Amino acid sequence: NSKFYDENFREVTIPTDVLMKVLGGDSRLYKKLVPIARKLLKRTIEVELKDENGNEKWMGMTIFSTMDFSVKDGGLKVCFNEKMKPFLLDFTENPYTRISGQLIFSLRSGYSIRLLELLLQYKNFPPARKENTIVYEYSVDSLRKCFGIEDNKYAEYRDFKKGCIDLPIKEINSSTNYRIEYTAVKKGRKVSSLIFTLTLPSDIASI
């Protein structure tokens with residue numbers, strides 16, 4: 001439907017009055033907004049995929065290409081990176097997974113939301129989809145990157161496992177209609193990767 005899908009990214013302007021409301025009505029809008037915009041410009045997305053032959057592929061990109069703010073010009077002008085187009089605009093050919101907003105907001109941990117997102121991205125990827133489940137293997141190193149974990153945080157695997165895997169899975173299983181289980185894969189004595197099994201609820205599995 002052309003009313004809802006753009007062919008190209010357009011520059012979007014967030015009006016000054018909207019920005020004022022979002023930022024709590026702070027009159028020092030310029031000083032408060034610019035540092036936030038600067039941080040957003042540095043944000044990146046990493047995508048790990050596997051082709052039909054099982055070969056691994058990695059992509060990294062910035063989310064936004066430009067941001068321009070001036071009170072005089074009426075607000076914050078934002079434009080997404082063109083490389084993001086296949087992931088944000090190509091929904092008609094590659095249907096995205098619909099997730100209840102209420103369900104997502106029931107999760108308090110950012111790791112819970114991120115883990116669920118990482119697994120659901122393979123919902124329409126045949127090698128990973130097994131009827132009503134998604135089975136996918138992530139290396140521990142790639143999970144750290146996907147979670148944005150710094151080298152000195154959760155340095156010990158047992159701490160990483162507890163804070164980023166076990167507690168988020170417990171929250172997802174108890175607070176949503178998804179269920180996640182996993183098994184650890186070792187190389188020698190060290191856990192190198194985790195194989196996750198995400199069981200889809202019936203309303204999602206049938207889509």
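To keep things clear, this report deals only with the structure shown in the data block.

Re the sheet that holds strand S6 (residues 129–130)
Moving on, step 1. Taken in spatial order, the 4 strands make up an open sheet running S6-S7-S9-S8, and their pairing is antiparallel. Lying at the two open borders of the sheet, with one neighbouring strand each, are S6 and strand S8 (179–187).
Moving on, step 2. Of the strand pairs in this sheet, S8 and strand S9 (residues 190–199) are connected by 9 bridges, and their pairing is antiparallel. Bridging from a neighbouring strand, Ile180 pairs with Leu198 of S9.

Some thoughts on the side chain of Thr133
Moving on, step 1. Examined against the element boundaries, Thr133 turns out to sit in strand S7 (residues 133–139).
Moving on, step 2. By relative accessible area, which is 14% here, Thr133 ends up buried.
Moving on, step 3. Apart from the residues lying within four places of it in its own chain, the contact partners of Thr133 are Ala128, Thr197, Leu198 and Thr199.

Regarding the packing of aromatic side chains
Moving on, step 1. Per the stated rule, a full pass over the model turns up 12 aromatic pairs.
Moving on, step 2. Between the aromatic rings of Tyr30 and Phe69, the centroid separation amounts to 6.1 Å while the plane-to-plane angle is 35 degrees, which identifies the pairing as tilted. Within this pair, whereas Tyr30 is found in helix H2 (residues 29–41), its partner Phe69 is found in strand S4 (residues 64–70), the two being separated by 39 residues in sequence.
Moving on, step 3. Between Tyr157 and Phe160 the ring centres are 6.4 Å apart and the planes differ by 40 degrees, which places this aromatic pair in the tilted class. Linking Tyr157 with Phe160, this pair stays in helix H7 (residues 157–175), spanning 3 residues, or about one helical turn.
Moving on, step 4. For Tyr157, a relative accessible area of 24% gives the class partly exposed.
Moving on, step 5. Aromatic rings pair up to connect Tyr122, Phe125, Tyr136, Tyr138, Tyr182 and Phe196 into one cluster.

So, the sheet that holds strand S5 (residues 75–80)
Moving on, step 1. The 3 strands lie next to each other as S1-S5-S4, forming an open sheet whose pairing is antiparallel. For this open sheet the edge positions go to strand S1 (12–15) and S4, each flanked by a neighbour on one side alone. The sheet shows a mean angle of 20 degrees between the axes of neighbouring strands, direction not considered.
Moving on, step 2. Examined bridge by bridge, S4 and S5 share 6 bridges and lie antiparallel to one another. Paired with Phe64 across the two strands is Phe80, which belongs to S5.
Moving on, step 3. Strands in contact with H2 are S4 and S5; relative to S4, the strand with the most contacts, it is inclined by about 175 degrees.

Rules behind the numbers
- Starting from 1, residues in each chain are numbered consecutively following that chain's sequence as written.
- Only residues with pLDDT of at least 70 are given local features in this predicted model, and only at 80 or more are side-chain atom pairs given and counted; all residues enter the totals for whole chains, interfaces and linings.
- In computing side-chain values, all of the structure's heavy atoms are included and hydrogens and water are not.
- One bridge is not enough; two strands pair if DSSP finds at least two bridges between them.
- Numbered from the N terminus, helices here are DSSP runs of H or I no shorter than four residues, and strands are runs of E no shorter than two.
- When a residue's accessible area, from a 1.4 Å probe over protein chains only, is under 20% of the maximum for its type it is buried; when over 50% it is exposed; and in between it is partly exposed.
- Whether two residues are in contact is decided by their heavy atoms, any of which lying within 4.5 Å being enough.
- Here the aromatic set is Phe, Tyr and Trp, taking the six-membered ring for Trp, and pairing holds for ring centres within 6.5 Å; pairs whose planes are under 30 degrees apart are stacked, those over 60 apart are edge-to-face, and all others are tilted.
- Each axis is a line fitted through C-alpha atoms, and for a helix only the stretch in contact is used; angles between axes span 0 to 180 degrees, taken between their N-to-C directions.

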